[in-house]
2 protein chains.
Amino acid sequence: MKKIGKYTLAAELAPRFESAAAIGGKEEKNGPLGSLFDLAQEDAKFGCKTWEQAESQMQRLALDNALAKQALTAEDLDFLVGGDLENQCTATSYSSLGMGVPYIGLYGACSTMALGLALAAILTSQGAARRAAAVTSSHFCTAERQFRYPLEYGGQRPPTSQWTVTGSGASIICAAPVCTNASAPCITSVTIGRAFELGVTDINNMGAAMAPAAADTLLRHFADTCRKPSDYDLIITGDLGQMGSQLLLRLLAEGGLVCDGKTEDCGCLIYDRSDKKYGSGGSGCGASAAVVNSLLFRMLSSGQLKSALFVGTGALMSPVSVYQGEVIPAIAHAVAFAAPQQEEKWKYC
Amino acid sequence: MKKIGKYTLAAELAPRFESAAAIGGKEEKNGPLGSLFDLAQEDAKFGCKTWEQAESQMQRLALDNALAKQALTAEDLDFLVGGDLENQCTATSYSSLGMGVPYIGLYGACSTMALGLALAAILTSQGAARRAAAVTSSHFCTAERQFRYPLEYGGQRPPTSQWTVTGSGASIICAAPVCTNASAPCITSVTIGRAFELGVTDINNMGAAMAPAAADTLLRHFADTCRKPSDYDLIITGDLGQMGSQLLLRLLAEGGLVCDGKTEDCGCLIYDRSDKKYGSGGSGCGASAAVVNSLLFRMLSSGQLKSALFVGTGALMSPVSVYQGEVIPAIAHAVAFAAPQQEEKWKYC
């Protein structure tokens, strides 16, 4: 891929989104997308001793499933790119252990799926790799005790708060000439975001912290590519939730972009929106990982969507930075997909 | 860069290591390399309110100094790649805030300088970027309370333990045609490591946990490139410390590689080796960041070293994974440098 603007790269021969798999937990299984997951388990520990081991296990299951669908093995991967929300990104470090694949560890908070897809696309589009896997995860139980309270405490949640998704997703990205899947969607461009904030410090309102970064990246994507929202069948954000999604539309309108009716959010799709238990919606690296690698991959592969723009969103704070009263920086990365045989029609500035 | 082996990429036209800067704290200022740092402050808070803010401030100082040396600004950067040891990599998230540069967050623990250099080299060698900065840091006070004990506790340390470096380094990497520095070293190849372990669980012996990963990456680098240790003037590891460095030589000898007299370690160079206070030597992302961007950059730029192989080493555990009795996974990434006008002589398999 080559730079076509300050923040955006596009490929002459678009890399292929060759395979995908998504794993969920009990809440996700019972949600509207439950039947689309490759595996969804009632047991929050996935047969392991600890929640942390379970999160790594979900990543391995996602990757194994994604590889198996195209009769591939870890041997076929030139790189594994990924990360997660656990301190020191241990879910991914442990899941990759023993796999024998060169590992590029990422930290993008909940934007990790988009960052991983973008980097895998860059690496495979120019000979640095033939095939790379992007993987990430989150787990309600590992996140809750790390970022908020012990589960046993039963802390109250305001309506702006979100529910960390127990889920994982793996994407296999490959250079077009080596792709074995004739109905693979392709990645036509990527926009790498910058750390951005508009003064939000409320740890219980991640949607408000991330919406400005999503708007910033979308505005830059459309400026860099000379495209319009109407050029995409769908613009899907990571985990803004219901409140963050409304805020995004307002920020985009202020920036001169009208996207009404065109946007969705992985965090809003994964649970029953009317159930107050989930607050503003799902969040965590696993939210977009599970939705992109199930629903979005299928809709693009089947041609039901001709094109889509996925904007992964992440809040880059830590409990320490929040206790110290720091503002919450956020980031968003965008990945543009086209259905099979659709990418030739794309022209940039 | 293109793959020349399972783990290694090499460039036809090597990207340039255009500029570098290193920042240190009081202990580092008083060490053998103190006079080589661009800035070394007695004040552990660098004029900030918190140690965490100080760590971000060191990153900004490192990057500003590296850019200023070649009359560049953040506007000249296509990407910032970096990360650190703080939970959720906040030192880098906050340092990059307001800079307006597309940010690829990395997690490689103490191998982050090598991972950042490698990724910046890949991005700039093939048109994905003209110029990218790699940055990382560590801070004794932020690391000690996060990974070990409150500083006030004054915990005892075994001789295998290491001293987290208060330091930061920034490297500017650019495509050869846009390089403004005629004496810039170049990056000829990179080897991306895999998560690796040989059963070490002792949190006070990071050198033993990381040495197997360093050996693994070195063996793969030499196999992939058909080069020998004697092809490099220096092989410099990140933060194995004195004990880890001895172990590395034994592991390499078992693998058939004789490197005696050829190796050094950034963690061993940064403090007085005879001072027991520092245990086995310096550690942390800042150890290799400060040494590579001061001593190594100067020795390569001046031609004092014709070539060098830097092997950044990282231990990928977290306090939680250690409490849970998990083994400590480690990783090492290698970056091969050549002095100006030396890269044409390099031939691979």
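Scope of this entry: the structure provided in the associated data block. Note that the coordinates shown come from a computational prediction; the quantities given were computed from them, not determined experimentally. (Residues numbered from 1 in each chain as written. Chains lettered and ligands numbered in written order. Predicted model: local features only at pLDDT ≥ 70, side-chain atom pairs only at ≥ 80, totals over all residues. Heavy atoms only, no water.)

## Looking at helix α4 (residues 112–125) of chain B
Residue and element names in this part refer to chain B.
No. 1: Over its 14 residues, α4 extends 20 Å from the first C-alpha to the last, a length consistent with the 20 Å expected when each residue adds 1.5 Å.
No. 2: Within α4, 13 of the 14 residues are buried, which leaves it mostly tucked inside the rest of the structure.
No. 3: Note on α4: the residue one or two positions beyond its end, G127, has a positive phi of about 90 degrees. (Helix = DSSP H or I, 4+ residues; strand = E, 2+ residues; numbered from the N terminus. Expected span 1.5 Å × (residues − 1). Buried < 20%, exposed > 50% of the residue type's maximum accessible area, 1.4 Å probe, protein only.)

## A few points about the pattern of salt bridges
No. 1: Tallied over the entire structure, the rule returns 25 salt bridges over all chains.
No. 2: Its salt-bridge partner being K29 of chain B, residue E42 of chain B comes within 4.0 Å of it at the nearest N-O pair. Remark: K29 of chain B occurs in helix α1 (residues 26–29) and E42 of chain B occurs in the loop between β4 (39–40) and α2 (51–69); sequence separation between them is 13 residues.
No. 3: A residue is classified by how much of its surface remains accessible, and E42 of chain B, at 47% relative accessible area, is partly exposed.
No. 4: Between R148 of chain B and E144 of chain B there is a salt bridge; the shortest N-O distance is 3.2 Å.
No. 5: You can call R148 of chain B partly exposed: its relative accessible area is 27%.
No. 6: Connected through shared salt-bridge partners, D78 and R130 of chain A together with K3 of chain B make up one network. (Salt bridge = Lys/Arg side-chain N within 4 Å of Asp/Glu carboxyl O.)

## What to know about the pairing of strand β5 (residues 79–84) of chain B
All names here are of chain B.
No. 1: β5 sits mainly inside the fold: six of its six residues count as buried.
No. 2: Residues F79, V81 and G83 point to one face of β5 and L80, G82 and D84 to the other, with burial holding for every one of them.
No. 3: For β5 and strand β7 (residues 131–138), the ladder comprises six bridges, and the chain directions are parallel. By the bridge assignment, D84 is partnered in β7 with S137. (Pairing = 2+ DSSP bridges.)

## Some words on the packing of aromatic side chains
Residues and elements named next belong to chain B.
No. 1: If you walk through the whole model with that rule in mind, you get 14 aromatic pairs over all chains.
No. 2: Plain terms: the ring middles of Y149 and Y153 are 4.9 Å apart, the flat faces sit at 35 degrees to each other, and that makes the pair tilted.
No. 3: Taking relative accessible area as the criterion, Y149 reaches 45% and is therefore assigned partly exposed.
No. 4: Seen in terms of ring centroids, W163 and Y278 are 5.5 Å apart; in terms of plane orientation they differ by 85 degrees. Their pairing is edge-to-face. One end of the pair, W163, is in strand β8 (residues 163–164); the other, Y278, is in the loop between α8 (266–269) and β13 (282–283), and 115 residues separate them in sequence. (Phe/Tyr/Trp six-rings, centres within 6.5 Å; stacked < 30°, edge-to-face > 60°.)

## As for the interface of chain B and chain A
No. 1: Contacts between chain B and chain A engage 62 residues on the former and 62 residues on the latter.
No. 2: Here chain B and chain A share an interface that buries about 4600 Å² over both sides, 58% of which is from carbon and sulfur atoms.
No. 3: Its largest share of buried area at the contact with chain A, chain B owes to Q88, Y94 and Y107 of chain B, together 16% of the area lost on that side.
No. 4: If you look at where chain B meets chain A, you find one salt bridge. (Contact = heavy atoms within 4.5 Å. Buried area = accessible area lost by both parts, 1.4 Å probe.)

## Details of the nonpolar core
No. 1: Counting 116 residues, the largest nonpolar core has I104 and L296 of chain A together with I104 and L296 of chain B as the members making the most contacts within it.
No. 2: Dropping the residues within four chain positions of it, I104 of chain A is found in contact with F79, L80, V81, G82, L119 and L123 of chain A together with L106, L115 and I192 of chain B.
No. 3: Grouped together as the second largest cluster of nonpolar side chains are 61 residues, F46, A66, V135 and A195 of chain B included. (Core = buried A, V, L, I, M, F, W, Y, C linked by side-chain atoms within 4.5 Å.)

## Focus: unusual backbone geometry
Residue and element names in this part refer to chain B.
No. 1: Positive phi, normally seen in glycine, also occurs at F46, with a value near 45 degrees.
No. 2: Within the secondary structure layout, F46 lies in the loop between β4 and α2.
No. 3: For C226, which is not glycine, the phi dihedral falls at a positive 55 degrees.
No. 4: Its location among the elements puts C226 in the loop between α6 (206–225) and β11 (234–237).

## Some thoughts on the relation of the copies chain B and chain A
The second copy of the chain is related to the first by a rotation about an axis and a shift along the axis.
No. 1: Of the transformation placing chain B onto chain A, the axial shift is 0.0 Å and the rotation is 180 degrees, giving an RMSD of 0.0 Å. The superposition of one copy onto the other is thereby described by a two-fold rotation axis. Among all residues of chain B, the one whose C-alpha sits closest to the rotation axis is L106 of chain B, at a distance of 2.1 Å. (Least-squares fit on C-alpha atoms with pLDDT ≥ 70 in both.)

## Quick word on helix α7 (residues 241–254) of chain A
Residue and element names in this part refer to chain A.
No. 1: Its 14 residues place the ends of α7 20 Å apart at the C-alpha level, agreeing with the 20 Å of an ideal helix rising 1.5 Å per residue.
No. 2: Within α7 the residues assigned to the buried category are G241, G244, S245, L248, L251 and L252. End-on, the buried residues of α7 take up no more than an arc of 125 degrees, which puts them together on one face. α7 presents Q246, R250 and E254 as exposed residues on the side facing more than 90 degrees away from its buried surface.
No. 3: Those residues of α7 that are buried lie in contact with α6 (206–225), β11 (234–237), β12 (263–265) and α8 (266–269).
No. 4: Phi turns positive, to about 90 degrees, at G256, one or two residues after α7. (Arc of directions from axis to C-beta.)

## Things to note about the packing of helix α2 (residues 51–69) of chain A against helix α5 (residues 140–147) of chain A
All names here are of chain A.
No. 1: Contact geometry for α2 and α5: axes closest at 8 Å, N-to-C directions at 130 degrees. As the angle between them shows, α2 and α5 are arranged oblique. Every pair of crossing elements has a handedness; the one defined by α2 and α5 is left-handed. Contacts from W51, E52 and E55 of α2 reach α5 at C141, T142 and R145.
No. 2: Here the contact of α2 with α5 is built from residues that sort into two nonpolar, one polar and three charged. (Axes fitted to C-alpha atoms, helices over the stretch in contact; angles between N-to-C directions. Parallel < 35°, antiparallel > 145°, perpendicular 65-115°, else oblique. Left-handed = near helix turned anticlockwise from the far one by under 90°. Nonpolar A, V, L, I, M, F, W, Y, C, P; charged D, E, K, R; others polar.)

## What to know about the packing of α6 of chain A against α7 of chain A
The angle between the axes and the distance between the axes are what describe a pair of packed helices.
All names here are of chain A.
No. 1: Orientation of α6 relative to α7, taken along the N-to-C sense of each, is 40 degrees, at an axis distance of 8 Å. Taken together, the axis directions place α6 and α7 in an arrangement best described as oblique. Here α6 and α7 pass one another in a crossing that is right-handed. Contacts from G207, A208, A211, P212, A214, A215, L218 and L219 of α6 reach α7 at G244, L247, L248, L251 and L252.
No. 2: In terms of residue class, the contact of α6 with α7 is built from 11 nonpolar, two polar and no charged.

## Structural notes on the environment of Y149 of chain B
No. 1: Within the element layout of this structure, Y149 of chain B appears in the loop between α5 (140–147) and β8.
No. 2: Those residues within four positions of Y149 of chain B in sequence are excluded, and the remaining contacts are E144 and G155 of chain B.

## Some points on the environment of K29 of chain B
No. 1: What makes K29 of chain B partly exposed here is its relative accessible area of 37%.
No. 2: The residues contacting K29 of chain B, other than those within four sequence positions of it, are G34, A40 and E42 of chain B.

## Looking at the pairing of β11 of chain B
Working note: regular strand, side chains alternate between the two faces of the sheet.
Residues and elements named next belong to chain B.
No. 1: Where burial is concerned, the two faces of β11 agree: the one with L234 and I236 and the one with I235 and T237 are both buried.
No. 2: Note that β11 and strand β14 (residues 307–315) share four bridges and pair parallel. Residue pairing for β14: T237 is matched across the bridge by V311.
No. 3: The pairing of β11 with strand β12 (residues 263–265) spans three bridges and is parallel. In the sheet register, T237 faces β12, and the bridge partner there is D265.
No. 4: In the classification by handedness, the crossover that spans β11, the intervening helix α7 (residues 241–254) and the parallel β12 is right-handed. (Right-handed = clockwise from strand over helix to strand, strands pointing away.)

## A few points about the side chain of N87 of chain B
No. 1: Relative to the helices and strands, N87 of chain B is located in the loop between β5 and α3 (90–96).
No. 2: You can call N87 of chain B buried: its relative accessible area is 15%.
No. 3: At 2.9 Å, the side chain of N87 of chain B and the side chain of Q88 of chain A are in polar contact. (Polar contact = N/O pair within 3.5 Å; in protein donor to acceptor, adjacent residues only side chain to side chain.)

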